[in-house]
Amino acid sequence: MILCCGEALIDMIPNEAGAYVPHVGGAVLNTAVALGRLGVTTGLITGLSSDPFGAMIAEHMSASHVSTAYAVRSARNTTLAFVHLDEGQATYTFYDEDTATREIQPDDIDPVPSDIEAMFFGGISLCNPPVADSLLTLALAQPERRLVMADPNIRPSFVSDHEGYRARLNALIARADIIKLSDDDLNWVIPGEASLEDKAKEILTRGPKMFLLTEGGDGATAYLQSGRHLHVPAQKATVVDTVGAGDTFNAGCLAALRSEGALHPGAIPDLSESTLHHMLTVAARAAAITVSRAGANPPWTMELSDD
């Protein structure tokens, strides 16, 4: 099983008439749902409210074969994210003060079972305490034999303490076996005029065994500590919106590594070119399906068929 750790929330997305309609979302939940739909046994460590939105989230998780057994239950409200779309590109306004996920404390999280294969961390839950500190504590407590992947999915406007956030990210990057960042995220983590390739190499000096860079329509690149790298172009798609695209990409990478028997830290440095190509291609194909339809609606396994 893969455990995803972070927010589950409600995306309020405008319809054609401009009215906001609730959709289950959150970067980490989207990754968990995409994994479940790709046939990977998956659970989600998140805050799950007893309010109607919490019930909506739990139903959505179950429908996509994501276990709710690891959720931290409470009567606090569900986080809301109002989505603003500009030619399909999404920006967000978050309301998460005193919510079910935001208020998770370290002691609220049950011990991780020994048979968990990998842990995924990311999203806005890494931005602000107390949940941000709780998840970092959880990540740092993972044994070296368990693969850890992280995608901060950075939202600078949501961060209350940029210095504290950078410190958390640096600690998480040092622990993670795989780090994924978009080009915008990478330029935020490492400001300056250096090339994306040079910045990718800088990330690898901080500890990860593999760095994944996504550049939207320009495709994605995997960088390894050995200096090897592999690029694949983006899959062709008619973009409806980009909600959940990066999250689906994450799931595609993890699912592909698992299918290749490479979902453990020792396998990452020696991944073959064919395995890297398979991983990136599956991830890009899955993301292309997600952007071709409204909201975060990742594909099921049968939708990735070459037929």
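Residues numbered from 1 in each chain as written. Predicted model: local features only at pLDDT ≥ 70, side-chain atom pairs only at ≥ 80, totals over all residues. Heavy atoms only, no water.

Caption draft 1: Representation of the overall build of the protein within the structure. The helix and strand tally for the protein stands at eight helices and 15 strands. For 307 residues, the compact-globule estimate of 2.2 N^0.38 gives 19 Å, and the protein sits close to it at 18 Å. Dimensions along the principal axes, computed over C-alpha positions, put the protein at roughly 50 × 45 × 40 Å. Counting over 307 residues, the protein shows a buried share of 56%. With 20 positive and 39 negative side-chain charges, the protein shows a spacing of 4 Å between the two charge centroids. (Helix = DSSP H or I, 4+ residues; strand = E, 2+ residues; numbered from the N terminus. Rg over C-alpha atoms; globule rule 2.2 N^0.38 Å. Buried < 20%, exposed > 50% of the residue type's maximum accessible area, 1.4 Å probe, protein only. Lys, Arg positive; Asp, Glu negative; His and termini not counted. Charge placed at Lys NZ, Arg CZ, Asp CG, Glu CD.)

Caption draft 2: Region of interest: the packing of aromatic side chains. Across all of its chains, the model carries six aromatic pairs by this definition. When the ring of Tyr165 is compared with that of Trp188, the centres are 5.5 Å apart and the planes differ by 50°; the resulting orientation is tilted. Of the two residues, Tyr165 sits in helix 4 (residues 162-175) while Trp188 sits in helix 5 (residues 183-189), which places them 23 residues apart along the sequence. The exposure classification of Tyr165 matches that of Trp188, with both residues buried. By way of ring pairs, the aromatic residues Tyr20, Phe82 and Tyr95 are connected into one cluster. (Phe/Tyr/Trp six-rings, centres within 6.5 Å; stacked < 30°, edge-to-face > 60°.)

Caption draft 3: Local environment of the layout of surface pockets. By volume, the largest pocket amounts to about 1,300 Å³. Lining the largest pocket are 50 residues; nearest its centre among them are Gln89, Ser182, Thr242, Ala245 and Gly246. Elements that contribute at least two residues to the lining of the largest pocket include exactly strand 2 (9-14), helix 1 (27-37), strand 9 (89-95), strand 12 (178-182), helix 5, helix 7 (245-259) and helix 8 (273-291). The biggest single contributor to the lining of the largest pocket is strand 9, with six residues. When the residues that make up the lining of the largest pocket are grouped by side-chain class, the tally is 22 nonpolar, 17 polar and 11 charged. (1 Å grid on protein atoms, 1.4 Å probe; cavity = no way out; pocket = protein on both sides within 12 Å on 5 of 7 lines; lining within 4 Å. Points joined across faces, edges and corners; volume = space filled by probe spheres on them. Nonpolar A, V, L, I, M, F, W, Y, C, P; charged D, E, K, R; others polar.)

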